[in-house]
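# Tertiary structure, described
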There are 2 protein chains.
Amino acid sequence: MNFELMQSKCEEVSGMMKAIAHPQRLLLMCHLSEGEKSVSELLELCHISQSQLSQFLTRMHREKLLNVRREGNFAYYSIADKNMTKLIQSMHKIFCKN
Amino acid sequence: MNFELMQSKCEEVSGMMKAIAHPQRLLLMCHLSEGEKSVSELLELCHISQSQLSQFLTRMHREKLLNVRREGNFAYYSIADKNMTKLIQSMHKIFCKN
DNA sequence: TACATATATTATGTTATTATAATATTGTAA
DNA sequence: TTACAATATTATAATAACATAATATATGTA
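Residues numbered from 1 in each chain as written. Chains lettered and ligands numbered in written order. Predicted model: local features only at pLDDT ≥ 70, side-chain atom pairs only at ≥ 80, totals over all residues.

### What to know about the protein's contact with DNA strand D
What surrounds DNA strand D is a group of 20 residues, the closest being A:Val39, A:Ser40, A:Ser51, A:Ser54 and B:Gly72. Elements with a contribution of two residues or more to the surface near DNA strand D: helix H3 (39–45), helix H4 (50–62) and strand S3 (74–79) of chain A together with helix H4 (50–62) of chain B. Here the element with the most residues in the surface near DNA strand D is H4(A); it accounts for six residues. In the surface near DNA strand D, the residues fall into five nonpolar, 14 polar and one charged. (Near = placed C-beta within 6 Å. Helix = DSSP H or I, 4+ residues; strand = E, 2+ residues; numbered from the N terminus. Nonpolar A, V, L, I, M, F, W, Y, C, P; charged D, E, K, R; others polar.)

Shown next as structure tokens:
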């Protein structure tokens, strides 16, 4: 792998790191790695205000990391980026096993 | 895994994510994942000012992510946290293969 | 001693993140 | 139509991150 490619990869990937470089956003991603969840469910799972949760979700959706599916009054979010799912799974192995 | 544990893990791990949530710091870590490097070497590898490089290294050393070894005029940095090394390797597999 | 080289520190202006409060929107049900 | 519940948006104050310039320290060498 040449250096220029390495640099541009880092540029790209560090953006994804930023998304999970926050305790609550990482927790969100961990919960979402187990499947789609509604905003209300996420609100119960993470100790965070409704406003901030919505802001985080909106932001990560804008960054193409999350999908939304709206059904009536509810919004269901899921991880949009396959690599993000893989990453969370790797992190789980590394940091949460033993 | 219970939720409280999950939360405290996320608290801890998101700190590490922060360290690599920056293009140049991630690039630094990638280069360091191949072994110890001197500041001068890193300065050549990353396009970054001497001051900022030193600040980044100092910061990550303070956060126990890096080790320093001083030899005469030079300082050699290496990754101190085994999990960080594992993480960088996983990321390499996920983002840089194909 | 004087000077060069490698690295670290300090200071500072700019921009981005975070947290919170307040308000708005939209869909559903009475 | 009114009211409520779920979610989104806007505004804003506090804090942290970033980039850069300037200066300092420490080691090695002529």
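Structure's up, so let's keep going.
### Points about the protein's contact with DNA strand C
Taken together, 20 residues form the shell around DNA strand C, and within it A:Gly72, B:Val39, B:Ser40, B:Ser51 and B:Phe74 come nearest. Secondary structure elements with two or more residues in the surface near DNA strand C: H4 of chain A together with helix H3 (39–45), H4 and strand S3 (74–79) of chain B. In terms of residues, the surface near DNA strand C owes the most to one element, H4(B), which gives six residues. Of the residues that constitute the surface near DNA strand C, the class distribution is five nonpolar, 14 polar and one charged.

### With respect to the environment of A:Phe56
With respect to the element layout, A:Phe56 can be found in helix H4. Taking the C-alpha atoms as reference, A:Phe56 lies 11 Å from A:Leu26; in sequence the two are 30 residues apart.

### What about the environment of A:Cys10?
Here A:Cys10 shows up in helix H1 (residues 3–19). Judged by local crowding, A:Cys10 falls into the buried class, with 25 C-beta atoms found within 10 Å. For A:Cys10 and A:Arg69, which are 59 residues apart along the polypeptide, the C-alpha to C-alpha distance reads 31 Å. In this structure A:Cys10 touches B:Pro23, B:Leu26, B:Leu27 and B:Cys30, once residues within four positions along its chain are discounted. (Buried ≥ 20, exposed ≤ 12 C-beta atoms within 10 Å, placed from the backbone. Contact = placed C-beta atoms within 7 Å.)

No statement about biological role is implied by the geometric values presented.
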